[in-house]
Amino acid sequence: MDVRLVPRIAGALLFRPIPHRDERGFFCRTFDADVMRAAGLDPAAFVQHSLSRSVRGVVRGLHVRRGNGEAKLVRCSFGAIFDVIVDLRPASPTYHNWESFELRDDEQVTLYVPAGCAHGFQALTHPADVSYQIDRVHDPSEDVSIAFDDPELAIPWPLPVTVRSQRDRQAPPLAAAVRLLA
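Residues numbered from 1 in each chain as written. Predicted model: local features only at pLDDT ≥ 70, side-chain atom pairs only at ≥ 80, totals over all residues. Heavy atoms only, no water.

## Some remarks on the packing of aromatic side chains
Alright, step 1. Overall, the coordinates contain 2 aromatic pairs when judged by the stated rule.
Alright, step 2. Both rings, one in phenylalanine 148 and one in tryptophan 157, keep their centres 6.0 Å apart while their planes meet at 65°; by these two values the pair is edge-to-face. With respect to class, phenylalanine 148 is no different from tryptophan 157; both count as buried.
Alright, step 3. Members of the aromatic cluster, joined through ring pairs, are Phe82, Phe148 and Trp157.
Alright, step 4. Positioned above the aromatic ring of phenylalanine 26, the side-chain terminus of arginine 21 is 5.4 Å from the ring centre. (Phe/Tyr/Trp six-rings, centres within 6.5 Å; stacked < 30°, edge-to-face > 60°. Buried < 20%, exposed > 50% of the residue type's maximum accessible area, 1.4 Å probe, protein only. Lys NZ or Arg CZ within 6 Å of the ring centre and 35° of its normal.)

## Focus on the layout of surface pockets
Alright, step 1. Looking at the largest pocket, its volume works out to about 510 Å³.
Alright, step 2. Taken together, 23 residues make up the lining of the largest pocket; nearest its centre are His63, Lys72, Tyr132, His138 and Arg167.
Alright, step 3. For the lining of the largest pocket, the secondary structure elements donating two or more residues are strand S5 (48-54), strand S6 (59-65), strand S11 (117-123), strand S12 (128-134) and helix H2 (166-169).
Alright, step 4. Partitioned by chemical class, the residues of the lining of the largest pocket number 7 nonpolar, 8 polar and 8 charged. (1 Å grid on protein atoms, 1.4 Å probe; cavity = no way out; pocket = protein on both sides within 12 Å on 5 of 7 lines; lining within 4 Å. Points joined across faces, edges and corners; volume = space filled by probe spheres on them. Helix = DSSP H or I, 4+ residues; strand = E, 2+ residues; numbered from the N terminus. Nonpolar A, V, L, I, M, F, W, Y, C, P; charged D, E, K, R; others polar.)

## Points about empty space enclosed by the protein
Alright, step 1. The final tally for this structure, using the stated rule, is 1 cavity of 30 Å³ or more.
Alright, step 2. Lining the largest cavity are His63, Val64, Arg65, Gly69, Glu70, Lys72, Val113, Gly116, Cys117 and His119.
Alright, step 3. At the level of secondary structure, the elements contributing two or more residues to the lining of the largest cavity comprise S6 and S11.
Alright, step 4. Tallying contributions element by element places S6 first for the lining of the largest cavity, with 3 residues.

## A short note on the nonpolar core
Alright, step 1. With 20 residues, the main nonpolar core has Leu62, Val84, Val86, Ile146, Leu153, Ile155 and Trp157 as its most contacted residues.
Alright, step 2. Elements with a contribution of two residues or more to this core: S6, strand S8 (80-87) and helix H3 (174-181).
Alright, step 3. In terms of residue count, S8 provides more of this core than any other element does, 4 residues in total.
Alright, step 4. Residues contacting valine 84, with those up to four places away along its chain left out, are Leu62, Trp98, Glu99, Ser100, Ala118, His119, Gly120, Ile155 and Trp157.
Alright, step 5. Within the second largest apolar cluster, 19 residues are counted, among which are Val6, Val74, Ala128 and Val130. (Core = buried A, V, L, I, M, F, W, Y, C linked by side-chain atoms within 4.5 Å. Contact = heavy atoms within 4.5 Å.)

## Comments concerning unusual backbone geometry
Alright, step 1. Look at the link from glycine 61 to leucine 62: it is a cis peptide, with omega at 15°.
Alright, step 2. As for its placement among the helices and strands, leucine 62 is situated in strand S6.
Alright, step 3. A positive phi is found at glutamine 108, a non-glycine position, where the angle reads about 55°.
Alright, step 4. Tracing the backbone shows glutamine 108 in the loop between strand S9 (98-104) and strand S10 (110-113).
Alright, step 5. Non-glycine residue alanine 154 carries a positive phi angle of around 50°.
Alright, step 6. In this structure, alanine 154 sits in the loop between strand S13 (143-145) and H2.

## Details of the sheet that holds S8
In a beta sheet, neighbouring strands pair by backbone hydrogen bonds and run either parallel or antiparallel.
Alright, step 1. An order of S9-S8-S11-S6-S13 is seen for the 5 strands of this open sheet, with the pairing classed as antiparallel. Where the open sheet ends on each side, the last strands, each with one partner, are S9 and S13. The sheet shows a mean angle of 25° between the axes of neighbouring strands, direction not considered.
Alright, step 2. By the bridge criterion, 3 bridges tie S6 to S11 in an arrangement that is antiparallel. (Pairing = 2+ DSSP bridges. Axes fitted to C-alpha atoms, helices over the stretch in contact; angles between N-to-C directions.)

## Quick look at the environment of glycine 25
Alright, step 1. Looking at the secondary structure, you find glycine 25 in strand S4 (residues 25-27).
Alright, step 2. Distance in space between the C-alpha atoms of glycine 25 and aspartate 106 is 9.8 Å, their sequence separation being 81 residues.

## Some words on the side chain of serine 92
Alright, step 1. Inspection of the secondary structure puts serine 92 in the loop between S8 and S9.
Alright, step 2. Polar side-chain contacts of serine 92 include one of 3.1 Å to the backbone nitrogen of threonine 94.
Alright, step 3. In contact with serine 92, other than residues within four places in its own chain, are Ala10 and Asp87. (Polar contact = N/O pair within 3.5 Å; in protein donor to acceptor, adjacent residues only side chain to side chain.)

See the structure below:
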C-alpha cells in the first residue's frame, strides 16, 4: 500500500492500495494496521465504521465536529465521489485550505481526514457507497455543518446538486460555522 501526504492539508493522508487483478476482477487490502502505524496513526483508535449510499448528484456535508473533532478514514467502496476536506484547525499551517479528490471503487483509495477538518462529498455515480471509520463515538450534539456552496471556499462541485439533507440545507456559511467551533 502506497501512503502519500496531502500537501494542502497538514496531516491528511491518502492510502492507495495495490489491486491484484485477474479474470475474476480484483482483490486489494483496504486497511492494514501495520501501514497505519508506520504512517503515524493508531489503527485501534477507529471505533465506529459506517456506510452511506447516495444517488448521483447528492452532496453530503460539509461536516465537522466541535470539541476534539473526529478523525476519519473515508473510502468510496462502490461508484465514485468528488470528496472535499477543509482545514478548520486555527493552529494548522494549512488553515482554511481545502482539497478535493475523486475517490473511485476501481481504486479503493482511503483518505485520512484529520480531526478538526470538515469533510463532504458529492456522488458522481448512481449509487455511490462511502465507507467511514471514525475515531470517536458519534455525538450529534457536536455536529457542525457548513454550506457546501460557501463563496469563501468556492468549491467547484462537478455536478448540479440533486439532493441534500435538511441539516445541510440549513447549514451556515463558513464564517458562522467557524464561530460554532470555538
